[in-house]
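Here's the letter readout for the chains.
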Amino acid sequence: MDIDATSTETEIRDFLTSRRARVRPEQVELPGGPGRRVPGLRRSEVALLAGVSVEYYTRLERGRLGGASAAVLDALGTALLLDDAERAHLADLARAARESPLAARRRPRPPSRVSRAMQLTLDSVTAGPAFLRNGRMDVLAENALFRALYSDLYALPERPVNLARFVFLHRDLAERFYPSWSVAADINVAILRTEAGRDPHDRALHDLVGELSTRSDEFRVRWGAHEVRHHVSGQKRFTHPVVGDLEMVYEAMEPMGQPGLNLLVYAAEPGSPTEERLRLLASWAATVDADEVPATGAPDPARPTRAPEEARRAERPRPPR
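Parameters at a glance
Residues numbered from 1 in each chain as written. Predicted model: local features only at pLDDT ≥ 70, side-chain atom pairs only at ≥ 80, totals over all residues. Heavy atoms only, no water. Pairing = 2+ DSSP bridges. Helix = DSSP H or I, 4+ residues; strand = E, 2+ residues; numbered from the N terminus. Salt bridge = Lys/Arg side-chain N within 4 Å of Asp/Glu carboxyl O. Buried < 20%, exposed > 50% of the residue type's maximum accessible area, 1.4 Å probe, protein only. Axes fitted to C-alpha atoms, helices over the stretch in contact; angles between N-to-C directions. Parallel < 35°, antiparallel > 145°, perpendicular 65-115°, else oblique. Left-handed = near helix turned anticlockwise from the far one by under 90°. Contact = heavy atoms within 4.5 Å. Nonpolar A, V, L, I, M, F, W, Y, C, P; charged D, E, K, R; others polar.

**Quick notes on the pairing of strand β2 (residues 139-142)**
- Of the pairings in the sheet, the one linking strand β1 (residues 130-134) to β2 comprises three bridges and is antiparallel in character. Across the sheet, F131 pairs through a bridge with E142, a residue of β2.
- Joining the antiparallel neighbours β1 and β2 is a turn of four residues, in which M137 adopts a positive phi near 75°.

Next up, the structure:
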């Protein structure tokens, strides 16, 4: 279902109140002390810091953000100590508040298929896993090392491959794969929340959030926190069932002319144990059957996939042919 004006106002209200509750008075050089009835800042204090009237800020916090200027949004971001991702999310919510549903539906959305040039680009990355995803965490294209890294995920029948579903709906596998499952869970929800602000009329995203909220208490609690994130660069840790622990850095970039898509490439430090284990992973991926490390897309019903438990019993790194 689409987000209507009432839902957008609710999103704005919940986001602003959650940010206001997070800021302590002493962080913004205001007097605190006992006897305060609200966590964080009062509305009047936010209004003072942003240089607007209490009445006007109250209107904004109730969801009437559509008429706010860029200067007002910037002042709110400063008053509430928002980071870059939160400022961008606030601007997205303001745009949604003033945009008609018809105009929102006409806005170009990321493609569901990738070009041959993109796939060839991913295939050319052989030193580390690389993949392209959308804001719903659907994997649209990947290289062989990414399929090998996420072999448990690709063994599942669900298509398109979705990282958020893996984290929350296949938690036994995800907890073995992610050494810090809670961090992975936080990141996935924050990316989905960011996408919900960027494209609030995405029906597939609404369906995904509804499914995860219904089936996972952990997701529902995190979704209510309204955390957002720009997933740009950092470190990742995995425990692969064949080669063991992997520690990699990653960089994410947005393909030109395709907002909403992210290309991510993982890399190991030269000479590190992870670099050697990635070579073992590549050797293993080259020796297993194609169905055991399947490419993105529907599985071939004529060639059944080996169950993950059976595969792991037989999985030992083998030298390349």
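**Re the pattern of salt bridges**
- Tallying each qualifying case throughout the model produces 25 salt bridges.
- Among the ionic pairs, R19 bridges to E86, the shortest N-O distance being 2.9 Å. With R19 in helix α1 (residues 5-22) and E86 in helix α5 (residues 84-98), this residue pair connects regions lying 67 residues apart in the sequence. E86 matches R19 in its accessibility class, with the two residues each being buried.
- R19 serves as the salt-bridge partner of E227, at 3.5 Å between the closest nitrogen and oxygen. Of this pair, E227 sits in the loop between α14 (217-223) and β3 (233-240) while R19 is found in helix α1, placing the two residues 208 residues apart along the sequence.
- Judged by relative accessible area, which is 1%, R19 ranks as buried.
- When salt bridges that share partners are traced, they join R171, E175, D186, E218 and R222 into one network.

**Digging into the packing of helix α4 (residues 70-79) against α5**
- Between α4 and α5, the shortest axis-to-axis distance is 10 Å and the interhelical angle comes to 140°. In terms of orientation, α4 and α5 fall into the oblique class. Crossing handedness for the pair α4 and α5: right-handed. Contacts from L73, D74, L76, G77 and T78 of α4 reach α5 at R87, L90, A91 and A94.
- In the contact of α4 with α5, the residues fall into five nonpolar, two polar and two charged.

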